[in-house]
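A look at the structure
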Amino acid sequence: MRSSAVLLILIAIATGAVAAAQNLGVRMIVVKTDAQARDLRARIQKGESFEELARKYSADTSATAGGYLGTFAVTDLRKEFQDGISGLHPGDVSPVLLVNGDYVLLQLLKEEETRWQEQMAAGRQAVQQKRYADAEHFFQASIREAERFGPQDARLGTSLNTLGIVYFAQTNYAAAEPLYKRALTIRERTLGPEHPDVGATLNNLAELYWSQKKYAAAQPLYERALTIVDKTAEPESPEMAAALNNLADVYRAQQNYGAAESLYKRVLEINEKILQPDHPDLGTSINNLADIYRELGNYGAAEPLYRRALGIVEKRVGPEHPDVGGSLNNLAALYRDQGSYAAAEPLYKRSLTIAENAFGPEHPNVGTALVNLAGLYHDEENYAAAEPVYKRALAIYERAFGPENTAVGERLVDLAELYQDEGNSAAAEPLYKRAVAIVEKNQGPDHPNLAASLVNLAVLYQNEGNYSSAEPLYERALAIYEKAQGPEHPNLAGILVNVALFYQEHGNYAAAEPLYRRALAIYEKAFGPDSARVAATLESLAALLRKRAQNTEAEKMELRARSIQGKH
């Protein structure tokens, strides 16, 4: 979209004496042909929104604000504009004006509309400058103005949605959620269920749930947003790519890799057609698809994609740029998964060197690179090499974020797992306990991350034979996952298996069996009847049934598990 000279001319003349009359709000549409301008004018006169048509068709930079230019005194406008609006009433549209080869429509705003627009414009500017306290003030004022139009006015939905965005940017999810929900209700009623603004609010609400790892709540919202985009946007457009990618991300988070793979493929196909070959979004699309192949164990498909993404970023920013580190880590992680530690180590070390040179030795990005390298040594069971690297990463995070930050808790778990694998439970236990306390303080008593931390500590106690300490931790973790992610999430199945193993080891076979069966049902539904996780769960359940002398059913499960394993 080219920028028109019309707006510059209008403002250049107006800036000297705007204060003399601030009650005249003006919108503008700029197009290339007289025929298009006349068609748009006729549509507006038949009831279509000037604001929406400006967003869709105007060639001026004001299009993103619905054509809104600001407030002006009539006498400050250039002669063509004064003549064009002469005799108009607020809400009316000017005749088609020819200015510098462009065809222009102007609309005068009513006083109350102007007040609302001014608050919105000030709020948007504050958001761009990340002055969130000021933005909150302006958008709250815009809500008060919009409520005068009526409780179901589309402008009220816009103000509520935008204030929700401000709260979301500050991670104040509790304040953002009711605003998004109210905005969604208003927009559905006033604009219809398939309007792009409805899709935008659906996406905002889904992103809020995504950020809280409430994937089951996010998924239907992303799906509905994609349906709207499918009907209102071009099939090969940035809007379509973004909507597909959002839904793919939530499928991936729920470990529905088959569904995620097909969507990521579509995103990549779109981006290959509409983006330049070195565009960062194209590299992201390639990485996302490679990640899915890696998680599916299809390393042969993943490697060339990771290498292609690395080549894109190196060409775009140079081999020593920090952005290269992410691609190096992805390729290294692939080799690490394959047990190709000799191939992974130099990539991790190169990523670490890039981070140290770019950010300095105490930056959190250096900490992340250290964690990756330490994890490689950990996998190799080179505990002596891993421990000091983990400790250095932990120290960096503590200095950067403070001792009670969530990221510090994650680093504590890394070091605790190392000690646990070394058989040093006495060193691991206080680290796990500290990690549990950090997660609970920062994310609350019902967050899935807390459940994961509780399981870590429970496993430690179980390995020590301290069943009385392990059992309540497992039970609490199970309750958290069920509440946070729903009864059919694959992560819940993992916890069910852990608890079943605990009961089995403790000799409580009657308690273990229904947990195994429930986990099996979840895995079958999430990944299909022939997945590796189904096979592993069948083997565990069969072993339990053998202990309960249910040999006939156990044999059937063992045969099915072997059949599945033969397919992989």
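What comes next concerns the included structure. All figures in this text were calculated on a predicted structure; none of them were measured in a lab. (Residues numbered from 1 in each chain as written. Predicted model: local features only at pLDDT ≥ 70, side-chain atom pairs only at ≥ 80, totals over all residues. Heavy atoms only, no water.)

Side note on the environment of Ala309
In plain terms, the rule: Secondary structure elements are defined from DSSP: runs of H or I of at least 4 residues count as helices, runs of E of at least 2 residues count as strands, and each element is numbered from the N terminus. Throughout this description, buried means an accessible area under 20% of the type-specific maximum (1.4 Å probe, protein chains only), exposed means over 50%, and partly exposed covers the range between. Contacts are assigned to residue pairs that have any heavy atoms within 4.5 Å of one another.
Of note, Ala309 is situated in helix α14 (residues 299-317). With a relative accessible area of 2%, Ala309 lands in the buried category. Put simply, Ala309 and Arg38 are 271 residues apart on the chain and 47 Å apart in space, counted from C-alpha to C-alpha. Other than its neighbours up to four places away in sequence, Ala309 contacts Gly283, Ile286, Asn287 and Ser327.

Brief notes about the layout of surface pockets
What counts, and what does not: Cavities and pockets were defined on a 1 Å grid built over protein atoms only: a cavity is a set of grid points that admits a 1.4 Å probe from which the probe cannot escape, a pocket is an open set flanked by protein on both sides within 12 Å along at least five of seven lines, and lining residues are those with an atom within 4 Å of any such point. Grid points are joined across faces, edges and corners, and a volume is the space filled by probe spheres set on the points. Any residue that is not Ala, Val, Leu, Ile, Met, Phe, Trp, Tyr, Cys, Pro, Asp, Glu, Lys or Arg is counted as polar, Gly included; the first ten are nonpolar and the last four charged.
Put simply, the largest pocket is a space of about 1400 Å³. For the largest pocket, the lining is made up of 41 residues, of which Arg55, His195, Pro196, Asp197 and Ala200 are closest to its centre. For the lining of the largest pocket, the secondary-structure elements that each account for two or more residues are α3 (50-57), α5 (111-128), α7 (154-169), α9 (196-211), α10 (215-232) and α11 (238-253). If one sorts the elements of the lining of the largest pocket by residue count, α9 sits on top with 6 residues. For the lining of the largest pocket, the per-class residue count stands at 16 nonpolar, 14 polar and 11 charged. Looking at the second largest pocket, its volume works out to about 800 Å³. Considering the residues around the second largest pocket, the lining is formed by 19 residues, among which Lys213, Glu410, Arg411, Asn449 and Ala452 are closest to the centre. Those elements that provide at least two residues to the lining of the second largest pocket are α19 (406-421), α20 (425-443), α21 (448-463) and α22 (467-485).

Some points on the packing of helix α24 (residues 509-527) against helix α25 (residues 532-547)
What counts is decided by this rule: Axis geometry follows a simple rule: fit a line to the C-alpha atoms, using only the stretch in contact for helices, then measure angles between N-to-C directions, giving values from 0 to 180 degrees. Reported orientations rely on four angle classes, namely roughly parallel under 35 degrees, roughly antiparallel over 145, roughly perpendicular from 65 to 115, and oblique for the rest. Should the near helix be turned counterclockwise from the far one by less than a right angle, the crossing is left-handed, whereas a clockwise turn marks it as right-handed.
In contact at an axis separation of 9 Å, α24 and α25 are set at 160° when each is read in the N-to-C sense. Taken together, α24 and α25 sit at an angle that is classed as roughly antiparallel. In this structure, the crossing between α24 and α25 has a hand that is left-handed. Residues Tyr509, Ala512, Glu513, Tyr516, Arg517, Ala519, Leu520, Tyr523, Glu524 and Phe527 of α24 lie in contact with α25, whose contacting residues are Arg533, Val534, Thr537, Leu538, Ser540, Leu541, Leu544, Leu545 and Lys547. Here the contact of α24 with α25 is composed, by residue class, of 12 nonpolar, 2 polar and 5 charged.

Details of the packing of α5 against helix α6 (residues 132-147)
With their axes 8 Å apart at the nearest point, α5 and α6 run at an angle of 160° to one another. Classified by the angle their axes make, α5 and α6 are roughly antiparallel. Viewed along their axes, α5 and α6 form a crossing whose handedness is left-handed. For the pair formed by α5 and α6, the contact residues are Glu112, Arg115, Trp116, Gln119, Met120, Ala122, Gly123, Arg124, Ala126 and Val127 on the first element and Tyr132, Asp134, Ala135, Phe138, Phe139, Ala141, Ser142, Glu145 and Ala146 on the second. Here the contact of α5 with α6 is built from residues that sort into 11 nonpolar, 3 polar and 5 charged.

Re the pairing of strand β1 (residues 25-31)
For clarity, the threshold we go by: The criterion for strand pairing is that DSSP finds at least two bridges linking the strands in question.
With 7 of 7 residues buried, β1 lies mostly within the body of the structure. Residues of β1 alternate between two faces, with Gly25, Arg27, Ile29 and Val31 on one and Val26, Met28 and Val30 on the opposite face, all of them buried. One ladder, built from 3 bridges, connects β1 with strand β2 (residues 68-71); its direction is antiparallel. Of the residues in β2, the one forming a bridge with Arg27 is Tyr68. As defined by bridge partners, β1 adjoins strand β4 (residues 102-109) across 7 bridges and the pair is classed as antiparallel. Note on β4: the bridge partner recorded for Val30 is Val104.

A short note on the sheet that holds β1
Strand order in the open sheet made by the 4 strands is β2-β1-β4-β3, with antiparallel pairing throughout. The open sheet has two free edges, formed respectively by β2 and β3 (97-99), since each of these has just one partner strand. Averaged over neighbouring strand pairs, the angle between their axes works out to 35° when direction is ignored. Strand contacts of helix α2 (residues 34-45): β1 and β4, with the helix running at about 20° to β4, the strand carrying the most contacts.

Regarding the environment of Ile396
Counting through the fold element by element, Ile396 comes out in helix α18 (residues 383-401). Residue contacts for Ile396: discarding those within four places in its chain leaves Pro361, Glu362, His363, Pro364, Val366, Gly367 and Leu370.

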